[in-house]
Amino acid sequence: MASRVSMHNNNRVTMSLFVLATLLLLPPPFLVSSFVLSPLTPGYASCSTTPQPLIITRLHAEAEATTTTTTTITVDGRKVSGPVAPLNNFLLVKIADAVEQTQGGILLAGKAKIRKTEGVVVAVGPGRTHPDSGLVLAMPVQVGDGVVYGKYDGTELDISGRKHTLIRDDDILVKFSSSTGELTLDSVDVTNDNVLISVDTSKEQATEGGILIAKSSSSESRPSTGKVIKVGPGRYASNGERMTMDVSVGDMVKFRDFAGNEVQIEGQEYSVVRMADILAKF
């Protein structure tokens, strides 16, 4: 009786070694049916019908995952992997195509094309860290928004053949819905502590003697008085709260000469002025 039990144990050990050797010889990418010893029939191997992944298969899959190539783009002619991620309070804007034809139908070529200072936001940084409190201040725009920025603002870069620019959130004059693609008073908003003002843009002025002089010949600066059309939410304080804006829609205001940035909306000129540059209201 003891010899029979010993024989069964030897058969079980032999079969276990055979199964282990068979599994190790199988190609790693495949799933195989796991062999187990049947508790009802000692010494005999039965084949499970449920496929079980091998450790080798899992390691092979992980290796494939780590070697998978990411999307390759070019930045200023240099190939890089992965997207361009702005830092701090910078945002990446895809610049709108330049105007190639005037309203009168004249085609413009080369440097004569009118370069637009607007585009669509394609990536946004985490926000500026306040130097006193250390709070990260939320960005005023999100991916997909349309923005208009200053003529001399931003750092241009070429990404896969398309012109982009990196600007700060403070460089944004107005934002609008990119789905409409048009600047209208209904679709635009000002950000942070900016104020949208409708100013007098008459091209001629009269002297005391009644002589009309062109605006370019006048010694006076461009208009710095106008009506408030839209008001931004205000700047962030050190505690992360918005600071109160001291003007409201409909107020007449006086602001510093040359403080405003001009924006054309529906064929009319407006000025975007920071709250700190507004001197008085009436």
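The rules behind the values
Residues numbered from 1 in each chain as written. Predicted model: local features only at pLDDT ≥ 70, side-chain atom pairs only at ≥ 80, totals over all residues. Heavy atoms only, no water. Helix = DSSP H or I, 4+ residues; strand = E, 2+ residues; numbered from the N terminus. Buried < 20%, exposed > 50% of the residue type's maximum accessible area, 1.4 Å probe, protein only. Contact = heavy atoms within 4.5 Å. Areas by Shrake-Rupley, 256 points an atom, 1.4 Å probe, with all protein chains shown as cover. Pairing = 2+ DSSP bridges. Axes fitted to C-alpha atoms, helices over the stretch in contact; angles between N-to-C directions. Lys, Arg positive; Asp, Glu negative; His and termini not counted. Salt bridge = Lys/Arg side-chain N within 4 Å of Asp/Glu carboxyl O. Polar contact = N/O pair within 3.5 Å; in protein donor to acceptor, adjacent residues only side chain to side chain. Phe/Tyr/Trp six-rings, centres within 6.5 Å; stacked < 30°, edge-to-face > 60°. Lys NZ or Arg CZ within 6 Å of the ring centre and 35° of its normal.

Asker: I tried to follow the overall build of the protein on my own but got confused; where do I start?
Answerer: When you go through the protein residue by residue, the secondary structure sums to two helices and 19 strands. In the protein, which comprises 282 residues, the proportion classed as buried is 29%. Put simply, of all contacts in the protein between residues at least 6 apart along the chain, 59% involve residues at least 24 apart. Carbon and sulfur atoms form 55% of the exposed surface of the protein, whose accessible area is close to 18,200 Å².

Asker: Honestly, unusual backbone geometry in this entry has me stumped. Any pointers?
Answerer: Trans is the prevailing form of peptide bonds, just as negative phi is the prevailing case for residues other than glycine. Phi is positive for Asp76, which is not a glycine, with a value near 55°. Although it is not a glycine, Asn88 adopts a positive phi angle of roughly 50°. Checked against the element boundaries, Asn88 lands in the loop between strand 4 (78–81) and strand 5 (90–95). The class for Asn88 is partly exposed, based on a relative accessible area of 46%.

Asker: What exactly am I supposed to notice about the sheet that holds strand 19 (residues 278–281) here?
Answerer: Two modes of strand pairing occur in sheets, parallel and antiparallel, and in both the strands are linked by backbone hydrogen bonds. What the six strands build is an open sheet, ordered 17-18-12-15-16-19; its pairing is antiparallel. Of all strands in the sheet, those bounded by a partner on one side alone are strand 17 (261–265) and strand 19. The average angle at which neighbouring strand axes cross in this sheet is 45°, direction not considered. The sheet contact formed by strand 16 (residues 252–255) and strand 19 spans three bridges and is antiparallel. Among the inter-strand pairings, Phe255 is bridged to a residue of strand 19, identified as Ile278.

Asker: Can you walk me through the side chain of Asp251 in this structure?
Answerer: Tracing the chain through its elements places Asp251 in the loop between strand 15 (225–231) and strand 16. Summary of buried charges: Asp251 has no salt-bridge partner, and the nearest side chain of opposite charge, Lys281, is 4.3 Å away. From its side chain, Asp251 meets the backbone nitrogen of Ser248 in a polar contact 2.9 Å long.

Asker: What is the right way to read the pattern of salt bridges from this model?
Answerer: Side-chain pairs of opposite charge can arise where the charged atoms are in close proximity. According to the stated counting rule, one finds six salt bridges in the structure shown. When the shortest N-O distance is used, the salt bridge between Asp97 and Arg162 registers 3.7 Å. Taken together, the residues Asp97 in the loop between strand 5 and strand 6 (118–124) and Arg162 in strand 9 (residues 162–168) connect sequence positions 65 residues apart. Here Arg162 falls in the partly exposed class, since its relative accessible area comes to 35%.

Asker: Would you mind going over the environment of Glu241 with me for this structure?
Answerer: Relative to the assigned elements, Glu241 resides in the loop between strand 15 and strand 16. In sequence terms Glu241 and Leu137 are 104 residues apart; their C-alpha atoms lie 9.4 Å from each other. In this structure, Glu241 is in contact with Arg235 and Tyr236, ignoring residues within four places of it in sequence.

Asker: I would appreciate a short explanation of the packing of aromatic side chains in the present structure.
Answerer: Both the distance between ring centres and the angle between the ring planes are used here to describe each pair of aromatic rings. Considering all chains together, one arrives at zero aromatic pairs under this definition. The lysine or arginine in question, Arg242, covers the ring of Tyr236, its NZ or CZ lying 4.0 Å from the ring centre.

Asker: I would appreciate a short explanation of the side chain of Ser224 in the present structure.
Answerer: Position of Ser224 among the secondary structure elements: in the loop between strand 14 (212–214) and strand 15. Side chain to side chain, Ser224 and Lys254 meet in a polar contact 2.6 Å long. Excluding residues that lie within four positions of it along the chain, Ser224 makes contacts with Val253, Lys254, Phe255, Arg256 and Asp257.

Asker: What am I meant to see in the pairing of strand 3 (residues 72–75) here?
Answerer: Residues in a regular strand point their side chains to alternate faces of the sheet. Residues of strand 3 alternate between two faces, with Ile73 and Val75 buried on one and Thr72 and Thr74 left unburied on the opposite face. As defined by bridge partners, strand 3 adjoins strand 4 across four bridges and the pair is classed as antiparallel. Bridge pairing links Ile73 to Val80 in strand 4. Counted between consecutive antiparallel strands, the loop separating strand 3 from strand 4 contains two residues, among which Asp76 sits at a positive phi close to 55°.

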